Amino acid sequence: MFKKGTKLYSIFTGTCPKCHEESMYTNKNPYILSEALSMNEKCSNCGTKYKIEPSFFYGAMYVSYAVGIAFAVAAFVISFLVFNAGRNIIFISIIGTLVVFMPIIMRLSRNIWINFFMSYDKSLTKKK
Ligand SMILES: [Zn+2]
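Each chain has its residues counted from 1, following the order in which its sequence is written. Totals for whole chains, interfaces and linings use every residue, but because this is a predicted model, local features are given only for residues with pLDDT of at least 70 and side-chain atom pairs only at 80 or more, for both listing and counting. With hydrogens and water set aside, each side-chain value is computed from the structure's full complement of heavy atoms.

> Can you walk me through the nonpolar core in this structure?
Side chains of a nonpolar character, in soluble globular proteins, are inclined to be buried together. In this text, buried Ala, Val, Leu, Ile, Met, Phe, Trp, Tyr and Cys residues form a nonpolar core when linked through side-chain atoms within 4.5 Å. Three exposure classes are used, based on accessible area relative to the maximum for each residue type with a 1.4 Å probe and protein chains only: buried under 20%, partly exposed in between, and exposed over 50%. By size, the foremost hydrophobic cluster in this structure holds 19 residues, and its most contacted members are Met-24, Tyr-50, Phe-57, Val-67, Trp-113 and Ile-114. Counting only elements with at least two residues in this core, the list comes to helix 2 (60–82) and helix 4 (102–117). Any pair of residues with heavy atoms lying within 4.5 Å of one another is described as a contacting pair. Here Met-24 is in contact with Gly-14, Thr-15, Cys-16, Pro-17, Met-39, Asn-40, Tyr-50, Asn-111 and Ile-114, once residues within four sequence places are set aside. Counting 5 residues, the second-largest nonpolar core is a separate cluster that includes Ala-72, Ala-75, Ala-85 and Ile-90. Each helix is a run of H or I in the DSSP string that is no shorter than four residues. Each strand is a run of E no shorter than two, and both are numbered from the N terminus.

What follows is the structure in structure tokens.
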């Protein structure tokens, strides 16, 4: 979908922001809720430490606010413009969307957050 080497690739796949080779998360499926936010400490390919400083990922909360609004707007547009839903249905669909996509929203915000601070480094890709 997105080319390796772009920030979007790392953001949407949850891979290491520097080498794009490894998932940052211990479990790739965000819907295993107990492991939704459990991350590897380091990239096993390039050795990048994901937690730059203690509580680094608290900053991701600001990002998750924006990401949440993006999902809410999408839910609004779909239910209002596509399904022509009434006010109550729109409200429910927004809340439902936020709840259902919460694990994805949380991971996306972490991925976006860490990609503010780290960039892709071609020299770190896996040697074959
Ligand atoms: Zn890496």
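So that's the structure; there's more coming.
> Could you clarify how one ought to interpret the coordination of the zinc ion in this entry?
In an ideal octahedron of six donors the angles at the metal are 90 or 180 degrees, and in an ideal tetrahedron of four donors they are 109.5 degrees. Protein coordination at the zinc ion: the donors are Cys-16 (SG), Cys-19 (SG), Cys-43 (SG) and Cys-46 (SG), at 2.2 to 2.3 Å from the metal. Geometry at the zinc ion is tetrahedral, judged from the 4 donor atoms that bind it and their angles of 106 to 113° at the metal. Sequence spacing of the donor residues for the zinc ion, all on one chain, is C-x2-C-x23-C-x2-C. Highlighted residues: Cys-16 in the loop between helix 1 (7–13) and helix 2 and Cys-46 in the loop between helix 1 and helix 2, separated in sequence by 30 residues. For Na, K and Ca the donor cut-off is 3.2 Å, and for all other metals it is 2.8 Å, counting N, O and S atoms only; because water is absent from this set, sites may look incomplete. By the criteria applied here, four donors are tetrahedral when all angles lie between 85 and 135 degrees, four are square planar and six octahedral when opposite donors are over 155 degrees apart and every other angle lies between 65 and 115, and any other arrangement is irregular.

> Is there a simple way to explain the side chain of Arg-110 in this structure?
Mapped onto the elements, Arg-110 comes out in helix 4. This buried residue, Arg-110, is left without a salt bridge; Glu-35 holds the nearest opposite charge, at 13 Å. What Arg-110 contacts, discounting residues up to four positions off in sequence, is Tyr-25, Leu-37, Met-39, Phe-57 and Ala-60. When charges are counted, Lys and Arg contribute as positive and Asp and Glu as negative, whereas His and the chain ends are disregarded. The rule for a salt bridge is simple: a side-chain nitrogen of Lys or Arg has to be within 4 Å of a carboxyl oxygen of Asp or Glu.

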